[in-house]
Amino acid sequence: MATFRIKRFNPEKQPEPYFEEFNLDIPDGATLLDCMNEIKWTLDGSLSYRMSCRSAICGSCAVKANGHALLACQRQGAHLLDNDDTITLEPLGNMKPIKDLVVDFTPFWDKINKVKPYLEPKDEPPAKERRQSQEEFSIIDDSSTCIMCGACYSDCNTLEVDDNFLGPAALAKAQRFVGDSRDSKTLQRVQDLSEPGGIWDCTHCAECVERCPKPARPFDRIKEIMTVALEQGVHNNNGARHALSFTNSVKRSGNLNENRIPVESMGIFNIPGLLSLIPIGRRMLLKGKVPPVIHHSIDEVDDVKRIFKELDQ
Amino acid sequence: MKFALFTGCVAKGATRELMLSTTKAAEGLGFEFIEMKSASCCGAGVVSEKSPLLADALNARSFSIAEKQGLDIVTICSTCQGTLKKTEAHLNESKEYKEKVNDILEDGGHQYNGTTRIKHFANILATEEGMARLKSRIKRPLTGLKVAAFYGCYVLRPSENSDFENPDNPTGMEDIFAALGATPVYYPSRVKCCGFPIVMMNKDASLGMSGNALVDAIDNGADVVATGCPLCHLSLDSYQPEIEALQKKNQSIPILHLPQLVALALGYTPTQLGMDSHIVSTLKINQILSGSAPSSH
């Protein structure tokens, strides 16, 4: 007998959410969604959650199971049991619960809309379709598999502390158009995406890659946008300056000059940014934690320089 | 046991106490760590923002150096570990890509064959052999010390590149703490991000992440947080006085590098391990171990 510990919430009856336990024998091969349906149909009809296709296509049934977002229809219930034969179900994170496991997706969709998720073509429509080569399509193939389930948005570490972040789903969708050979607004797109709340606010935690039920893997897509932004010369922000300073440091010495990178990331004319470095700099100086003033190169640094040259970097 | 030590940049720069304590821990454990002095920076997932191929070529060159020595690589930084493993995955994904990278390396006399394994220090210890070695060499069990692990994202995610058995709910670090005689503290934030990668871009969000993690560790009764990543250490220790969530609680918590914690149990003194160079005082740890201060409740 398995225990389903489900976070319940009905603001019309009780302002605070609470956990309720349901016991269920998990039938062989039943998905988590099958189990939820069984609970709703036989134990408590008031249990609320979203569902539709049961085939990992529609993206409706994402919930948190044992603390991590997943598609309920894509995983077997028995595989999710913890050591106490329990599965804890909660609504997706980073969005407001409406009732039980149903959350308000409004900010999620607002952010998708913000990245202009439609083609802005280069020229007038041709008589037939706009063709892409296999190579051109492969650049946007992964991001176009996104089913908008919100699992990545739920577990994004930056969103937990900053609502302004566009989030992994919208940025993966943005890559779908930044990388599209038929789109005419690449520069404008990467300029917009380099603003605060965009690509450079991604904290590299890869939670989104882990939660994504499809090959969309948002963090990988975010990195692709970063590369395009740098190629397009969108350098006037801390994220781009950081990437360039970092790479140049490795080019010069084979390793990182930690004294230079904070200053170069802020930008030498960014007075408030530079002033913000003083408290940490002072603390580290007093403890002798400042990296060596004379920066040493690695042994055989010439070979590293050769690689940079060979790749025109 | 002999390994090629990929030090990473931060252990030679802002957290030199990590390098110091790694040397001591290796000595105490009877490991031979040969420093890879001609290896370049792993790129920390930042060089690959500029050029993924460049980042992979540089790391493949480092792998080649260890291959020539016939040694497996040990890392002491979660970010190095994850970044190197990502390159390794790219190289093994496609034969054409591997050949392309090897063409770049050729003029420098390097070639990547894929014979060297890349392991984080924690993953060397969290094996049957590592644990047996650890347990047999402990001189000063860390009895009574409640230690909260902070893994560092890169060593866990993407999970296909992680050496931890269950990257969503790993126990490797906690198993090490228990072997050292300490009491592991489990808390949800142990597998989350410290926020360091965006401290230059969005400091409020960055310190929000580190603050939430530290409050979580403290609320779950930790005396100390131990991390396998020097970037997490910078975030959790060096930035700690600026973290608003802790200021509100009027609390602080010492942060140790994993090799410091291990070497403490192997009998080295806090000064030998550079514990006096931290921003947040580590004196409490000594007091708890010597019985002169109570552990957290």
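Reading the values: the criteria
Each chain carries its own residue numbering, running from 1 in the direction its sequence is written. Think of it this way: whatever chain is written first is A, whatever ligand is written first is 1, and the rest follow in order. Since the coordinates come from a predicted model, pLDDT governs what is reported: local features require at least 70, and pairs of side-chain atoms require 80 or more to be given and counted, while whole-chain, interface and lining totals use all residues. The basis for every side-chain value is the complete set of non-hydrogen atoms in the structure, without hydrogens or water. The secondary structure listing takes helices from DSSP runs of H or I that are at least 4 residues long and strands from runs of E that are at least 2 residues long, numbered from the N terminus. Accessibility here uses a 1.4 Å probe with only protein chains present; expressed as a share of the type maximum, an area under 20% marks a residue as buried, one over 50% as exposed, and anything in between as partly exposed. Contacts are assigned to residue pairs that have any heavy atoms within 4.5 Å of one another. Working convention for charge: Lys and Arg count positive, Asp and Glu count negative, and His plus the chain ends are omitted. Where a charge lies is defined by one atom per residue type: Lys uses NZ, Arg uses CZ, Asp uses CG and Glu uses CD. Note on definitions: angles span 0 to 180 degrees between N-to-C directions of axes, and those axes are lines fitted to C-alpha atoms, for helices only across the stretch in contact. Every angle not falling under 35 degrees, over 145, or within 65 to 115 is termed oblique; those three ranges are roughly parallel, roughly antiparallel and roughly perpendicular. Definitions for this section: a left-handed crossing has its near helix turned counterclockwise from the far helix by less than a right angle. A right-handed crossing has that turn clockwise. Here the nonpolar group is Ala, Val, Leu, Ile, Met, Phe, Trp, Tyr, Cys and Pro; Asp, Glu, Lys and Arg are the charged ones; every other residue, Gly included, is treated as polar. The pairing criterion for strands is at least two bridges between them, as found by DSSP. Seen with the strands pointing away from the viewer, any crossover whose path from the first strand over the helix to the second strand runs clockwise is right-handed. In summary, the pairing rule links any two rings of Phe, Tyr or Trp, Trp by its six-membered ring, whose centres are within 6.5 Å, and it sorts them by plane angle into stacked for under 30 degrees, edge-to-face for over 60 and tilted for everything else. Any Lys or Arg side-chain nitrogen located within 4 Å of an Asp or Glu carboxyl oxygen qualifies as a salt bridge. Under this definition, polar contacts are N or O atom pairs within 3.5 Å; protein pairs additionally need one hydrogen-donor-capable and one acceptor-capable atom, and for neighbouring residues in sequence, both atoms have to be side-chain atoms. Exposure above 30% relative accessible area and no salt bridge define the residues that can form patches, which grow by joining like charges within 9 Å and nonpolar side chains of Val, Leu, Ile, Met, Phe, Trp and Tyr within 5 Å. To measure how exposed things are, a 1.4 Å probe is used in the Shrake-Rupley method; for residues, cover is taken only from the protein chains shown. Per-residue confidence from the prediction method is given by pLDDT, with values spanning 0 to 100.

**As for the overall build of chain A**
Thought 1: Assigned secondary structure in chain A consists of 14 helices and seven strands.
Thought 2: Here the C-alpha coordinates of chain A stretch approximately 70 × 65 × 40 Å along the principal axes.
Thought 3: Buried positions account for 51% of the 313 residues belonging to chain A.
Thought 4: Contacts spanning at least 24 positions in sequence make up 64% of the contacts within chain A whose residues lie at least 6 apart.
Thought 5: Averaging the locations of the 39 positively and 46 negatively charged side chains of chain A gives two centres separated by 5 Å.

**Some points on the packing of helix α1 (residues 16-29) of chain B against helix α12 (residues 258-265) of chain B**
All names here are of chain B.
Thought 1: Their axes nearest at 8 Å, the elements α1 and α12 cross at an angle of 40 degrees. Comparing the axis directions of α1 and α12 gives the class oblique. Handedness of the α1/α12 crossing: left-handed. On the side of α1, the interface is formed by Glu 17, Leu 18, Ser 21, Thr 22, Lys 24, Ala 25 and Leu 29, while α12 contributes Pro 259, Gln 260, Val 262 and Ala 263.
Thought 2: Of the residues belonging to the contact of α1 with α12, the class tally is six nonpolar, three polar and two charged.

**Points about the pairing of strand β2 (residues 32-35) of chain B**
Thought 1: As defined by bridge partners, strand β1 (residues 2-6) of chain B adjoins β2(B) across four bridges and the pair is classed as parallel. Residue B:Phe3 lies in a different strand from β2(B), and its bridge partner there is B:Phe33.

**Observations regarding the sheet that holds strand β5 (residues 86-90) of chain A**
All names here are of chain A.
Thought 1: Here we have five strands laid out as an open sheet, ordered β2-β1-β5-β3-β4, and mixed in their pairing. Unpaired on one side and paired on the other, β2 (14-24) and β4 (68-71) mark the two borders of the sheet. For this sheet, the mean angle separating the axes of adjacent strands, direction not counted, is 30 degrees.
Thought 2: Looking at chain direction, strand β3 (residues 62-65) and β5 are connected through two bridges and run antiparallel. What sits directly across from Ala 65, in β5, is Leu 89.

**Things to note about the pairing of β1(B)**
Residue and element names in this part refer to chain B.
Thought 1: Along β1, four of the five residues are buried, which leaves the element largely enclosed by surrounding structure.
Thought 2: A crossover connection joins β1 to the parallel β2 through α1; in handedness this β-α-β unit is right-handed.
Thought 3: As judged from the four bridges shared by β1 and strand β3 (residues 72-75), these two strands associate in the parallel manner. Across the sheet, residue Phe 3 finds its bridge partner in β3, namely Asp 72.

**Details of the sheet that holds strand β7 (residues 224-227) of chain B**
Residue and element names in this part refer to chain B.
Thought 1: Read from one edge to the other, the open sheet built from four strands follows the order β6-β5-β7-β8, with strand pairing classed as parallel. The open sheet has two edge strands, β6 (183-185) and β8 (255-257), and neither has a second partner. Within this sheet the neighbouring strands show an average axis-to-axis angle of 40 degrees, counted without direction.
Thought 2: Note that strand β5 (residues 146-150) and β7 share four bridges and pair parallel. Bridged to Ala 149 within β7 is Ala 226.
Thought 3: In the packing of helix α10 (residues 230-238) onto the sheet, contacts are made with β5, β7 and β8, and the angle to β8 comes to roughly 165 degrees.

**Describing the packing of aromatic side chains**
Residue and element names in this part refer to chain A.
Thought 1: Enumeration over the complete set of coordinates arrives at ten aromatic pairs over all chains.
Thought 2: Look at Phe 108 and Tyr 153: their rings are 5.6 Å apart centre to centre, the planes differ by 75 degrees, and that puts the pair in the edge-to-face class. Here Phe 108 is found in helix α2 (residues 106-114), whereas its partner Tyr 153 is found in helix α4 (residues 151-155), with 45 residues between them in sequence. Each member of the pair Phe 108 and Tyr 153 is classed as buried.

**Section: the interface of chain A and chain B**
Thought 1: Tallying the contact residues gives 62 residues for chain A and 67 residues for chain B.
Thought 2: In this assembly, chain A and chain B are joined by seven salt bridges.
Thought 3: The shortest N-O distance in the salt bridge between B:Asp168 and A:Arg211 comes to 2.7 Å.
Thought 4: Linking chain A with chain B are 30 residue pairs in polar contact (both at pLDDT 80 or more).
Thought 5: Breaking the side of chain A that touches chain B down by element, the ones donating at least two residues are α5 (157-161), α8 (207-211), α9 (218-231), α10 (238-253), α11 (260-266), α13 (278-286) and α14 (301-310) of chain A.
Thought 6: Per element, the largest residue contribution to the side of chain A that touches chain B is eight residues, and it comes from α10(A).
Thought 7: When grouped by side-chain class, the residues that make up the side of chain A that touches chain B number 28 nonpolar, 16 polar and 18 charged.

**Some points on the packing of helix α3 (residues 52-69) of chain B against helix α4 (residues 78-93) of chain B**
Residue and element names in this part refer to chain B.
Thought 1: Where α3 contacts α4, the axes come no closer than 9 Å and their chain directions differ by 95 degrees. Classified by the angle their axes make, α3 and α4 are roughly perpendicular. Residue-level inspection shows Ala 55, Asp 56, Asn 59, Ala 60 and Phe 63 of α3 in contact with α4, the latter providing Thr 83, Leu 84, Thr 87, Glu 88, His 90 and Leu 91.
Thought 2: Partitioned by chemical class, the residues of the contact of α3 with α4 number five nonpolar, four polar and two charged.

**Digging into a negative patch on the surface**
Residues and elements named next belong to chain B.
Thought 1: Together, Glu 96, Glu 99, Asp 103, Glu 106 and Asp 107 give the surface a local cluster of negative charge.
Thought 2: As for its position among the elements, Glu 99 is in helix α5 (residues 95-106).
Thought 3: Take Glu 99: its relative accessible area is 46%, and that puts it in the partly exposed class.

**Let's talk about the environment of A:Asp25**
All names here are of chain A.
Thought 1: Looking at the element boundaries, Asp 25 is found in the loop between β2 and α1 (32-42).
Thought 2: By relative accessible area, Asp 25 is classed as exposed at 52%.
Thought 3: When the C-alpha atoms of Asp 25 and Pro 168 are compared, they prove to be 36 Å apart, with 143 residues separating the residues in sequence.

**Quick notes on unusual backbone geometry**
Among all residues except glycine, the phi angle is most often negative; among peptide bonds, the trans geometry is most common.
Thought 1: Cis geometry is found at the peptide bond from B:Arg157 to B:Pro158, where omega equals -5 degrees.
Thought 2: Relative to the assigned elements, B:Pro158 resides in the loop between β5 and α8 (172-179).
Thought 3: Positive phi values are uncommon outside glycine, yet A:Asn94 reaches one of about 60 degrees.
Thought 4: What makes A:Asn94 partly exposed here is its relative accessible area of 27%.
Thought 5: With phi around 55 degrees, B:Asn250 is a residue other than glycine that occupies positive phi space.
Thought 6: Structurally, B:Asn250 is set in the loop between α11 (244-249) and β8.

**Here we look at the side chain of A:Thr203**
Thought 1: With respect to the secondary-structure elements, A:Thr203 resides in the loop between α7 (186-193) and α8.
Thought 2: Setting aside residues up to four positions removed in sequence, A:Thr203 forms contacts with A:Asn157, A:Thr158, B:Cys193, B:Gly195, B:Pro197, B:Ile198 and B:Met209.

**Some thoughts on the confidence of the model for chain B**
Thought 1: With 99% of its residues at a pLDDT of 70 or more, chain B shows a mean pLDDT of 96.
Thought 2: As a predicted assembly, this complex carries a pTM of 0.96 together with an ipTM value of 0.95.

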